[in-house]
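Chain by chain, the residues run as shown.
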Amino acid sequence: MAVTVRIPTPLQRLTDGQGEVQCEGSTVIELLSDLERRHPGIKERICDGDGKLRRFVNVFVNEEDIRFLQGDQTAVKSGDEVSIIPAIAGG
Amino acid sequence: MSYVLGLKCRECGRLYPKEVVFVCEYCFGSVEVDYDYDAIRRVFTTASLAQRPKSLWRYRELLPIEGEPTAGLSSGYTPFFRATRLAEALGVEELYLKDDSVSHPTLSFKDRVVSVALTRAKELGFDTVACASTGNLANAVAAHAARAGLKRYIFIPADLEMGKIIASLIYQPTLIAVEGTYDEVNRLCAEIGAKYPWAFVNINIRPYYAEGSKTYGYEIVEQLGWRPPQHIVIPAAGGSLITKIAKALKELRLLGLLGEGATKLHAAQAAGCAPIVNTIRERADIVKPVKPKTIAKSLAIGNPADGYYATKTVLESGGWADAASDDEMIEAMKLLAKTEGVFTETAGGVTLAVAKKLIDAGVIPRDESVVICITGNGLKTQEPLADRVGRAVRIKPTLASFESELAGQLAVASTNQ
């Protein structure tokens, strides 16, 4: 029941340099809690003091922005890929 | 000589060295260049400006490079002029156009940001540059990198206008057309950028890149005689230009170069992709992303990175926002061409259409000074105009054919005989 989570460069120091880690959970928020158990300190980087995703963090489940799904309650299953990506400029 | 102190997180204020840092490692906020304004004040004066080149590099001290500029030496300092015929059509007294549709060399304001980004990329030791683009940035990176002798990878949504594809390919970059929206291209590039040692101008060297947009603001003020206009109507895609025009005004004020008076900044987006306009009009704190559906492809960013700051900037200035339909933007493109002889792209149509709405709604009073930002060229986005601009009158190469086909018009015209 593992979900692949892609870790952005600024947070790879907390995952021993790994760009991808395996986590478990049935929703995005559960996945982030599991990520925190495996790599202590990472969740507070992604979520604010109230446990909500920070304003400038984008999370994608299988390439879809979770704000178009059910936010941090979006369901995930084994084999899914989750990307955590900082907001980026455009033009 | 550099006046850059370092990089600073816009959210939590953490400081970083002036290297390749683009988000705060702690809170993911974007980082911004911080300058030594006391030192700048001593050398950056209106008197000194008179001697400087007419390019964006005349504002060199306020741009984040260490040595001499190496890209975009002829970019910027584009035309700024009073638009009296358009003013009459819109029913306002004092209207100006800032016209980057003729920016050298790629006909959009993206020449500004890329000039700064590539100068800085070279300083940082990169030999390859890249970008995710809705078209104009692609053209600018492809052209400037060719001249700078850098390798270039350009990522665009596959459904871009032909004009923007050709105007990238001609410079021989590696052009990658991604089957998806711009937001999907951007997400992909964030992941590619994490893996390959390239300078992605709008990602890992974004803090330097984005500063180039300030020159659009400096020029408006300088070309207006150091007087701040009362209103500036600005197109919004990712939202960065709005924040950088605001920063330009703030810096000039700090340096004692800006005359009295406040400027209201107004945001313009297409109705089919208006996440920033929605947030401003709801005075909301969170920008809800949208799935873009508009012919204004250069503004089709559904998940605007600077949406939050653009919203704050507009509301703090006392400005407002509106959105234009596809039809309204085409009519505005035609109006601009017909009254002022300027052929802008769909994004310029959006900006003018929104300016008109804000004037009609009384948000912009008819007796106050207004600047409309024209940021791109219409030759690049011809597709939506094909059936909307009339047709040429087709004739045989004879005087008789000419006179019979144009009989109606010639009846009122005089001849030499």
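A. Region of interest: the overall build of chain A. A count of helical and extended segments in chain A gives two helices and five strands. In chain A, the succession of α and β elements from N to C terminus is β-β-α-α-β-β-β. For chain A, the C-alpha radius of gyration of 12 Å lies close to 12 Å, the compact-globule estimate for 91 residues. The buried share among the 91 residues of chain A stands at 35%. Looking at chain A alone, contacts between residues at least 24 apart form 47% of all its contacts between residues at least 6 apart.

B. Highlighting the environment of B:Thr84. Residues and elements named next belong to chain B. In this structure, Thr 84 sits in helix H3 (residues 84-90). Judged by C-beta crowding, with 13 C-beta atoms within 10 Å, Thr 84 ranks as partly exposed. C-alpha separation for the pair Thr 84 and Ala 411, spaced 327 residues apart in sequence, amounts to 30 Å.

C. Structural detail: the nonpolar core. Residues and elements named next belong to chain B. Membership of the largest hydrophobic core comes to 148 residues, with the highest contact counts inside it found for Val 129, Val 141, Ile 234 and Ala 267. Among the elements that take part in this core, helix H14 (residues 346-360) stands out by supplying eight residues, more than any other. Among residues more than four places away in sequence, those in contact with Ile 234 are Leu 241, Ile 242, Ile 245, Leu 265, His 266, Ala 267, Ala 268 and Cys 373.

D. Structural view of the pairing of strand E8 (residues 174-178) of chain B. Residues and elements named next belong to chain B. Taken together, the five bridges between strand E7 (residues 151-157) and E8 define a ladder with parallel strand orientation. Paired with Ile 154 across the two strands is Leu 175, which belongs to E8. Note on the crossover from E7 through helix H6 (residues 162-169) to E8: the handedness is right-handed.

E. Quick look at the packing of helix H9 (residues 214-223) of chain B against helix H10 (residues 240-254) of chain B. All names here are of chain B. Axis separation between H9 and H10 bottoms out at 7 Å; the angle between their running directions is 50 degrees. Relative to H10, H9 is oriented oblique. Here H9 runs over H10; the crossing is right-handed. Contact residues: H9 offers Lys 214, Tyr 216, Gly 217, Tyr 218 and Val 221, while H10 offers Leu 241, Lys 244, Ile 245, Lys 247, Ala 248, Leu 249 and Leu 252.

F. Summary view of the pairing of strand E5 (residues 81-86) of chain A. All names here are of chain A. A large share of E5 lies buried, amounting to five of its six residues. Across three bridges, the pairing between strand E1 (residues 3-6) and E5 is parallel. Residue pairing across strands places Thr 4 opposite Glu 81, the latter belonging to E5. Both strand E3 (residues 57-61) and E5 contribute to a ladder of five bridges, which runs antiparallel. In the strand pairing of E5, Val 59 is matched with Ile 84.

G. Fine view of the environment of B:Asp38. When you line up the elements, B:Asp38 lands in helix H1 (residues 37-43). In sequence terms B:Asp38 and B:Tyr3 are 35 residues apart; their C-alpha atoms lie 9.4 Å from each other.

H. A look at the packing of helix H13 (residues 326-340) of chain B against H14(B). Residues and elements named next belong to chain B. The interhelical angle for the contact between H13 and H14, taken along N-to-C directions, is 95 degrees, at an axis separation of 7 Å. As the angle between them shows, H13 and H14 are arranged roughly perpendicular. Only Thr 346, Gly 348, Gly 349, Val 350, Leu 352, Ala 353 and Lys 356 of H14 make contact with H13, whose side of the interface consists of Glu 328, Met 329, Ile 330, Ala 332, Met 333, Leu 335 and Leu 336. Considered class by class, the residues forming the contact of H13 with H14 number nine nonpolar, three polar and two charged.

I. Examining the sheet that holds strand E1 (residues 4-9) of chain B more closely. All names here are of chain B. Taking strand neighbours across the sheet as the criterion, the three strands line up as E2-E1-E3 in an open arrangement whose pairing is antiparallel. Edge positions in the sheet fall to strand E2 (15-16) and strand E3 (31-35), since each of these pairs with one other strand and no more. As paired elements, E1 and E2 share two bridges and run antiparallel to each other. By the bridge assignment for E2, Leu 7 is matched with Tyr 16.

J. Looking closely at the sheet that holds strand E4 (residues 80-82) of chain B. All names here are of chain B. Here we have six strands laid out as an open sheet, ordered E4-E5-E13-E10-E11-E12, and mixed in their pairing. Two strands in the sheet have a free side with no partner beyond their single neighbour: E4 and strand E12 (321-324). Adjacent strand axes in the sheet meet at a mean angle of 25 degrees, parallel and antiparallel pairs treated alike. Bridging between strand E10 (residues 231-235) and strand E13 (residues 370-374) involves three bridges; their strand directions are parallel. Bridge assignment links Ile 232 to a residue of E13, and that residue is Val 371.

K. Molecular detail of unusual backbone geometry. Geometrically, the link from B:His104 to B:Pro105 is a cis peptide bond, its omega value of 0 degrees lying close to zero. Looking at the secondary structure, you find B:Pro105 in the loop between strand E5 (95-99) and helix H4 (110-123). Of note, the phi angle at A:Asn62 is positive, near 45 degrees, even though the residue is not glycine. Tracing the chain through its elements places A:Asn62 in the loop between E3 and strand E4 (64-65).

How each quantity is defined
Residues numbered from 1 in each chain as written. Chains lettered and ligands numbered in written order. Predicted model: local features only at pLDDT ≥ 70, side-chain atom pairs only at ≥ 80, totals over all residues. Helix = DSSP H or I, 4+ residues; strand = E, 2+ residues; numbered from the N terminus. Rg over C-alpha atoms; globule rule 2.2 N^0.38 Å. Buried ≥ 20, exposed ≤ 12 C-beta atoms within 10 Å, placed from the backbone. Contact = placed C-beta atoms within 7 Å. Core = buried A, V, L, I, M, F, W, Y, C linked by C-beta atoms within 7 Å. Pairing = 2+ DSSP bridges. Right-handed = clockwise from strand over helix to strand, strands pointing away. Axes fitted to C-alpha atoms, helices over the stretch in contact; angles between N-to-C directions. Parallel < 35°, antiparallel > 145°, perpendicular 65-115°, else oblique. Left-handed = near helix turned anticlockwise from the far one by under 90°. Nonpolar A, V, L, I, M, F, W, Y, C, P; charged D, E, K, R; others polar.

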